[in-house]
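So the chains spell out like this:
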Number of protein chains: 2
Amino acid sequence: MGYNPRDYPPVAVTVDVVALTIRDRRLNVLIVERGVQPYLGHWALPGGFVRPDENLDDAAVRELGEETGLGIRPAHLEQLGSYGTPERDPRMRVVSIAYLAFGPDLPDPMAGSDAAEAVWHPVDDLPPLAFDHERILNDGIERARSKLEYTPLATAFLPGTFTVSELRLIYESVWGTALHAGNFHRKVLSVPGFVEGTGETTQTGGPKGGPRAKLYTAGDAKLLHPALLRPSREEEIR
Amino acid sequence: MGYNPRDYPPVAVTVDVVALTIRDRRLNVLIVERGVQPYLGHWALPGGFVRPDENLDDAAVRELGEETGLGIRPAHLEQLGSYGTPERDPRMRVVSIAYLAFGPDLPDPMAGSDAAEAVWHPVDDLPPLAFDHERILNDGIERARSKLEYTPLATAFLPGTFTVSELRLIYESVWGTALHAGNFHRKVLSVPGFVEGTGETTQTGGPKGGPRAKLYTAGDAKLLHPALLRPSREEEIR
DNA sequence: TGAATAGTGTCTGTAAGACACTATTAG
DNA sequence: CTAATAGTGTCTTACAGACACTATTCA
């Protein structure tokens, strides 16, 4: 019956970004210490208001750069979901579009505009987060775990060339499980388009010995077929 | 830099729903003929503005009911994604949260508040849709196809009890491919928690002959393990 | 030299798909 | 009766995981 949005209090739209990387074999997320109210001084996911005439994706990339002072261009960026519970922001009605980003390990970011500090932090040892950001982060981690199964996006956590062992460490860090090195090796090379050999090898063996490893780049596959499934999780099925 | 959203023109948040069902062995989507500007008289997905203090999920359910005059409670409802291109609505900046709904075949809906008419329509034979609703619909269909692979949600298209053949018809309709009846049968029964036998059978055989079929209800599995994968789509992998 | 790692060989159990076949029902 | 459908048996191939093993490099 002629519902007119201008008759109602305004709604704000924000983006929040779950930016993940692997550091020291652990899954890390980028968090910022808020420099403004509300939740001033609390840790939160980087994010902020979408500007007029700005695409949602662009806003996510902009906030990632602004709040961290880094020219971060994540190797992968995808939409995660929308979070719009009426009370999630004490200021006003805020609907947030969450994004999920993967990137290779980067130097520690500096604080940016609205953030007092920005750091990479292991996801299994986090301080409390502002708003509903813990829920968003959990959704992002679960999405990441699932994406590694059926897409080649694990390579987005790595530099341009990498070894199969480095790729395995990504899977082990994100899934939190140890994988059998030999079987993983054969499996990765058998999936068409997952990785492509460069003909090169590492210049040295591992720090504690071992032969030089062949170097690979990401292949052209968009999906892994057959998929690389996580070790069975009976409990999670029902 | 104290960006304040109140300094800028307002943003509106809407929900749009891709409601799918199977009719006569074809995948159908619920569309409405718009009774208001813009796109008056055009076909569109049901949807509308989110109200203050209303959850996004609740808004999706409400719009589904309001615009169709049906007390539709979809058997499954999930968030599909957000669509926020600045020019997608000529009136103002509108960010839409799209939802995906599955339900069993229902009688033809009546028109509701903002819609001149509401109908189920086969997805492969649609009139042009308003806004960016064709893109949203395509994303929804692809999501539905994928969901059938690794979740038991095909049962959401069926009434409380059903036969394995009816379940197979859901897969065939959504995927658009013929499946081998015998192998499908064995596969479905072998996945733990997918379906549960009731001990009953249909009262008659098929309209053109055949024995009575056993009746099943949806099981308690949340994920299919092992998954029921679509016949290989080599082209879609790269 | 010994320890660690890269990469391969082989075997087993499970699952997917092709195909054949029996049993039951409608017309 | 015939045609259609429900459901099962069986065979082949592919693949995941377990395990063993060789080769290469660092300390």
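Residues numbered from 1 in each chain as written. Chains lettered and ligands numbered in written order. Predicted model: local features only at pLDDT ≥ 70, side-chain atom pairs only at ≥ 80, totals over all residues. Heavy atoms only, no water.

For chain A, the name recorded in an unreviewed UniProt entry is 8-oxo-dGTP diphosphatase, with Nonomuraea soli as its organism.

Participant: Is there a simple way to explain the protein's contact with DNA strand C in this structure?
Facilitator: Taken together, the neighbourhood of DNA strand C is formed by 26 residues, with Ser165(A), Pro211(A), Asn183(B), Lys187(B) and Gly210(B) sitting nearest. Within 4 Å of the protein, atoms of DNA strand C come from sugar and phosphate in 67% of cases. Measuring from a phosphate oxygen of DNA strand C, one finds a side-chain N or O atom of Ser165(A) at 2.5 Å. Measuring from a sugar or linking oxygen of DNA strand C, one finds a backbone N or O atom of Pro207(B) at 3.3 Å. Mapped onto the surface near DNA strand C, the elements with two or more residues apiece are helix 3 (164–175) and helix 4 (181–190) of chain A together with helix 4 (181–190) of chain B. Tallied by class, residues from the surface near DNA strand C come to six nonpolar, twelve polar and eight charged. (Near = heavy atom within 4 Å. Polar contact = N/O pair within 3.5 Å; in protein donor to acceptor, adjacent residues only side chain to side chain. Helix = DSSP H or I, 4+ residues; strand = E, 2+ residues; numbered from the N terminus. Nonpolar A, V, L, I, M, F, W, Y, C, P; charged D, E, K, R; others polar.)

Participant: Before we go on, may I ask you to explain the pairing of strand 5 (residues 76–83) of chain A in this structure?
Facilitator: Strand residues, when the strand is regular, have side chains that alternate between the two faces of the sheet. Residue and element names in this part refer to chain A. For strand 5, the buried fraction is high: six of the eight residues fall into the buried class. With seven bridges connecting them, strand 5 and strand 6 (residues 93–102) associate as antiparallel partners. In the strand pairing of strand 6, Gln-79 is matched with Tyr-99. (Buried < 20%, exposed > 50% of the residue type's maximum accessible area, 1.4 Å probe, protein only. Pairing = 2+ DSSP bridges.)

Participant: Hey, could you run me through helix 2 (residues 133–150) of chain B in this one?
Facilitator: Because each turn of an α-helix spans 3.6 residues, side chains separated by three or four positions in sequence point in the same direction. Residue and element names in this part refer to chain B. When the terminal C-alpha atoms of helix 2 are compared, their 26 Å separation across 18 residues agrees well with the 26 Å that a helix rising 1.5 Å per residue should span. Listed as buried for helix 2 are His-133, Ile-136, Leu-137, Gly-140, Ile-141, Ala-144, Ser-146, Lys-147, Leu-148 and Glu-149. Residues of helix 2 that are buried in the fold lie against strand 1 (11–23), strand 2 (26–34), strand 3 (43–44), strand 5 (76–83), strand 6 (93–102) and helix 3 (164–175). (Expected span 1.5 Å × (residues − 1). Contact = heavy atoms within 4.5 Å.)

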